[in-house]
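# Examining the three-dimensional arrangement
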Amino acid sequence: MLSLYGKIFRTGTLTERVPRPVRDEAVEREGEKLKAIVGKRFQGSLAIRQVDAGSCNGCELEIHALNNVYYDIERFGVHFVASPRHADVLLVTGPVSRHMQAPLKRVYEATADPKWVIAVGDCAACGGEFGVSYASCGAVANVLPVDGVIPGCPPMPIDLLRGLLALFSPRR
Ligand code: SF4
C-alpha cells in the first residue's frame, strides 16, 4: 500500500490543463443586456419551450447551440423547459405542418399567461420554401398570435439572442 502511495506522489498530474474558455464579445454583450432584462422582468429566470411545428431541423441545431459550452445561455438566466406549463416563451420553428396545427394550438393553450410566441426562421416567419399548401399552414402567425419574429435560414445563435432582446427590451 505504501509503495502505491509513493508511486502516486512521484507520478504527479498527467492530465492536460483545461484551456481558458473562448468568449465571443458580441455574445457577452448581448447576453449581459438580456440577463439584466431577465433579472428585472422575470425574477432572474426566463423559461423557453421550443416547439418544432414542421421544421427541417436546421433551426433546431442553432437553437440547441445556445446550450453548448460556447454560448451557455443559462448563465444569462435563460433556460429551456420540457413542458409548456413551465414556459414564459414559445420558440416555434416551422412551417406549421397541417399535422402540427392542432398540437401547436394545444401547446399555446397549455402555456400560462403572460406568454410570448416567437417565430424562429424564415419558414416560421412566412412559410419559407414551403408556403401554404395541402400539407402546410405556412407561417406560425397563421395559427397563433406571434409577438416576435427571428428571420434567417437558419438564424444563428447570436440572432436568437438578439431576437429575445428585441422582444423584451424596455422600449416595447
Ligand atoms: S428556416 Fe431554413 S433551417 Fe429553418 S426550418 Fe426552414 S428551411 Fe429549415
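Let me sum up the structure you'll find in this document. (Residues numbered from 1 in each chain as written. Predicted model: local features only at pLDDT ≥ 70, side-chain atom pairs only at ≥ 80, totals over all residues. Heavy atoms only, no water.)

## Some words on unusual backbone geometry
Here is the rule: Only DSSP runs of H or I reaching four residues or more are called helices, and only runs of E reaching two or more are called strands; each is numbered from the N terminus. Partly exposed residues are those whose accessible area sits between 20% and 50% of the maximum for their type, while under 20% is buried and over 50% is exposed, using a 1.4 Å probe and protein chains only.
Residue Pro95 is reached from Gly94 by a cis peptide bond, and omega for that bond is 20 degrees. Topologically, Pro95 is positioned in the loop between strand 3 (89-93) and strand 4 (96-97). Of note, the bond from Cys153 into Pro154 is cis; its omega dihedral lies within 30 degrees of zero at -10 degrees. Following the sequence through the fold, Pro154 ends up in the loop between strand 7 (148-150) and helix 6 (157-168). In this model, Gln43 sits at a positive phi of 55 degrees, which is unusual for a non-glycine residue. Mapped onto the secondary structure, Gln43 falls in the loop between helix 2 (25-41) and strand 1 (46-52). Given a relative accessible area of 75%, Gln43 falls into the exposed group.

## Looking at the side chain of Ser169
Note the following rule: Polar contact is the term for a pair of N or O atoms within 3.5 Å; when the atoms are in protein, one must be able to donate a hydrogen and the other to accept it, and sequence-neighboring residues count only if both atoms are side-chain atoms.
Note on placement: Ser169 falls in the segment after helix 6. In terms of polar contacts, Ser169 uses its side chain to reach the backbone carbonyl oxygen of Ala166, at 3.3 Å.

## Regarding the nonpolar core
The condition that has to hold: Nonpolar cores are built from buried Ala, Val, Leu, Ile, Met, Phe, Trp, Tyr and Cys residues. Side-chain atoms within 4.5 Å join them into one set.
Judged by nonpolar contacts, the single largest core of 28 residues is most densely connected at Leu46, Ile118, Leu164 and Phe168. At 7 residues, helix 6 tops the list of elements feeding residues into this core. Counting residues in each nonpolar core, the second largest holds 14 residues, with Ala53, Leu90, Val117 and Leu144 among its members.

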